[in-house]
Amino acid sequence: MTRARAIVATLAGVSLLGLAGPVRGEGDPAYGEYLANECTACHPPDVTDGVIPPLWMLPTDYFIEALKAYQTGERENPVMQAVARALGDEEIASLAAYFAYLREQKGGS
Ligand code: HEC
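Here the structure is a predicted model, which is why all the values come from computation and not from measurement.

Before we move on, can you summarise the pattern of salt bridges with the specific residues and values?
Side-chain pairing between opposite charges can occur once the charged atoms of the two side chains come close. All told, the structure shown has two salt bridges when counted by the stated rule. Ionic pairing is found between Lys106 and Asp46, a salt bridge with its closest N-O pair at 3.4 Å. In this pair, Lys106 is assigned in the segment after helix 5 (89–105) and Asp46 in the loop between helix 2 (29–39) and helix 3 (60–72), connecting sequence segments 60 residues apart. On the accessibility criterion, Lys106 (38% relative accessible area) is partly exposed.

Which residues make up the packing of aromatic side chains, and what values go with them?
In the structure shown here, the tally under the stated rule is three aromatic pairs. Plain terms: the ring middles of Phe63 and Phe99 are 5.4 Å apart, the flat faces sit at 70 degrees to each other, and that makes the pair edge-to-face. Of the two residues, Phe63 is situated in helix 3 and Phe99 in helix 5; the sequence distance between them amounts to 36 residues. On the basis of relative accessible area, Phe99 is assigned to the buried category, the value being 6%. Each ring, one from Tyr98 and one from Phe99, has its centre 5.4 Å from the other, and the planes form 50 degrees; the classification is tilted. Classification of Tyr98 by relative accessible area gives buried; the value is 12%.

Account for the site of the ligand, with residues named and values stated.
Lining the immediate environment of the ligand, one finds 19 residues, of which Cys39, Cys42, His43, Tyr62 and Met80 sit closest. A distance of 2.5 Å separates an oxygen atom of the ligand from a polar side-chain atom of Tyr62. Measuring from an oxygen atom of the ligand, one finds a side-chain N or O atom of Arg75 at 2.9 Å. For the shell around the ligand, the secondary-structure elements that each account for two or more residues are helix 2, helix 3 and helix 4 (78–85). Residue contributions to the shell around the ligand peak at five residues, all from helix 3. Broken down by class, the residue content of the shell around the ligand amounts to 15 nonpolar, two polar and two charged.

Tell me what's going on with the coordination of the iron atom of the ligand, and back it up with residues and numbers.
Those donors, His43 (NE2) and Met80 (SD), are the protein atoms that reach the iron atom of the ligand, and they lie 1.9 to 2.1 Å from it. Taken together, the six donor atoms coordinating the iron atom of the ligand span angles of 85 to 178 degrees at the metal, a pattern that classifies the geometry as octahedral. One end of the pair, His43, is in the loop between helix 2 and helix 3; the other, Met80, is in helix 4, with 37 residues separating them in the sequence. A relative accessible area of 15% places His43 in the buried class.

Definitions and limits used
Residues numbered from 1 in each chain as written. Predicted model: local features only at pLDDT ≥ 70, side-chain atom pairs only at ≥ 80, totals over all residues. Heavy atoms only, no water. Salt bridge = Lys/Arg side-chain N within 4 Å of Asp/Glu carboxyl O. Helix = DSSP H or I, 4+ residues; strand = E, 2+ residues; numbered from the N terminus. Buried < 20%, exposed > 50% of the residue type's maximum accessible area, 1.4 Å probe, protein only. Phe/Tyr/Trp six-rings, centres within 6.5 Å; stacked < 30°, edge-to-face > 60°. Near = heavy atom within 4 Å. Polar contact = N/O pair within 3.5 Å; in protein donor to acceptor, adjacent residues only side chain to side chain. Nonpolar A, V, L, I, M, F, W, Y, C, P; charged D, E, K, R; others polar. Donors = N, O, S within 2.8 Å, 3.2 Å for Na, K, Ca; no water. Tetrahedral: all angles 85-135°; square planar, octahedral: opposite > 155°, others 65-115°.

Written out as structure tokens, the structure reads:
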């Protein structure tokens, strides 16, 4: 197998993990699902009595703006600043796409 073929095969394998489709600029829900594993360590996957809401409940614009605000330091929580600064625009868009998908599944708007 040539090196280029090996890379193509690897990329194809990665996209099989998720819901569908290649990683795109506008946000790939499958990639978002993969990234969200890190978030559910602290953010509950479903509604609880706790103070941290499940991320899929947040409106998409709010979700993106919150992460940008942690990146710039406008929002001051050090834990979320570290989390947000490790994410690029494509990661944030993909997470937003995945949580929007979950919201639809759960009957939200
Ligand atoms: C180590 C625990 C931890 C991890 C991991 C974590 N978060 Fe958070 N997150 C928090 C806490 C605590 C807050 C509330 C911080 C505050 O008061 O600003 C928060 C707040 C947020 C908010 C704002 C919520 C709101 O209602 O305004 C967003 C959006 C968010 N997190 C997204 C994420 C995403 C996306 C990931 C995964 C990539 C993630 N978080 C991973 C602990 C965590």
